[in-house]
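Working through the structure, step by step
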Amino acid sequence: MPRAERPLRFMLAGAANTAFGLAIYPLLLWSVPAFHTHYLVALAAAQAISLCFAFATYKIGVFRTRGNVAREFGAFSSFYLFNYAANWAALPLLVELGGVPPIVAQLGFTAALILGSWFWHSRVTFRSAGDLA
């Protein structure tokens, strides 16, 4: 598919990643009794699993780059590490102080990631040598 179709592929991959990411956190909370109390451990596991799933879908399905796996995964991860840090700081505040259920609070972070991730990944993570000129 031509490069012009990347935004459409990105939206489709993003929808799959969002559905996967939204499903994995509650799935872990509901299926592992220890996560009922340790919801931040569930969040860490969900984020690690989701990160690998999203990287694969964007690399293979959207940007279709070859090689550069270590550089791309590093750039990809750096975007999410910043967001995860904000998530880890805000989630306990929302849950413990604000009384927001963990799943509802987590939904709030998903919306902000969608737009920011397109700009980061298309300009930083999966840029080609021709994009640098």
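Residues numbered from 1 in each chain as written. Predicted model: local features only at pLDDT ≥ 70, side-chain atom pairs only at ≥ 80, totals over all residues. Heavy atoms only, no water.

The phi torsion of most residues other than glycine is negative, and most of the peptide bonds are trans. Phi is positive for Arg 64, which is not a glycine, with a value near 50 degrees. Looking at the secondary structure, you find Arg 64 in the loop between helix H3 (39-63) and helix H4 (69-97). Using a relative accessible area of 41% as the deciding quantity, one classes Arg 64 as partly exposed. Here Asn 68, not a glycine, exhibits a phi torsion of approximately 55 degrees, which is positive. In this structure, Asn 68 sits in the loop between H3 and H4. (Helix = DSSP H or I, 4+ residues; strand = E, 2+ residues; numbered from the N terminus. Buried < 20%, exposed > 50% of the residue type's maximum accessible area, 1.4 Å probe, protein only.)

All right, on to the nonpolar core then. Among the nonpolar cores identified, the biggest contains 13 residues, and Tyr 58, Val 62, Phe 63, Phe 76, Tyr 80 and Phe 126 are the most heavily contacted of them. Elements with a contribution of two residues or more to this core: helix H1 (6-31), H3 and H4. Among the elements that take part in this core, H3 stands out by supplying six residues, more than any other. Setting aside residues no more than four positions away along its own chain, Val 62 makes contact with Arg 6, Arg 9, Phe 10, Ala 13 and Thr 57. Judged by nonpolar contacts, the second largest core, of twelve residues, contains Ile 24, Tyr 25, Tyr 39 and Ala 105. (Core = buried A, V, L, I, M, F, W, Y, C linked by side-chain atoms within 4.5 Å. Contact = heavy atoms within 4.5 Å.)

Tallying each qualifying case throughout the model produces 14 aromatic pairs. With 5.4 Å between their ring centres and 70 degrees between their planes, Phe 55 and Phe 76 make a pair best called edge-to-face. Within this pair, whereas Phe 55 is found in helix H3, its partner Phe 76 is found in helix H4, the two being separated by 21 residues in sequence. Each member of the pair, Phe 55 together with Phe 76, is buried. Here Phe 79 and Tyr 80 contribute two aromatic rings whose centre-to-centre distance is 4.8 Å and whose plane-to-plane angle is 90 degrees, an arrangement assigned as edge-to-face. As far as the burial class goes, Phe 79 and Tyr 80 line up, both buried. Every member of this aromatic cluster is reached through a ring pair, and the members are Phe 10, Phe 55, Tyr 58, Phe 63, Phe 73, Phe 76, Phe 79, Tyr 80, Trp 118, Trp 120 and Phe 126. (Phe/Tyr/Trp six-rings, centres within 6.5 Å; stacked < 30°, edge-to-face > 60°.)

What follows deals with the packing of H3 against H4. It is at 10 Å that the axes of H3 and H4 come closest, and there the two elements cross at 150 degrees. Looking at the two axes, H3 sits roughly antiparallel to H4. As for the relative orientation of H3 and H4, their crossing is right-handed in sense. By residue class, the composition of the contact of H3 with H4 is 17 nonpolar, three polar and three charged. (Axes fitted to C-alpha atoms, helices over the stretch in contact; angles between N-to-C directions. Parallel < 35°, antiparallel > 145°, perpendicular 65-115°, else oblique. Left-handed = near helix turned anticlockwise from the far one by under 90°. Nonpolar A, V, L, I, M, F, W, Y, C, P; charged D, E, K, R; others polar.)

Turning our attention to the environment of Val 41. Structurally, the position occupied by Val 41 is in helix H3. A sequence separation of 18 residues divides Val 41 from Lys 59, and the C-alpha atoms of the two residues are 27 Å apart.

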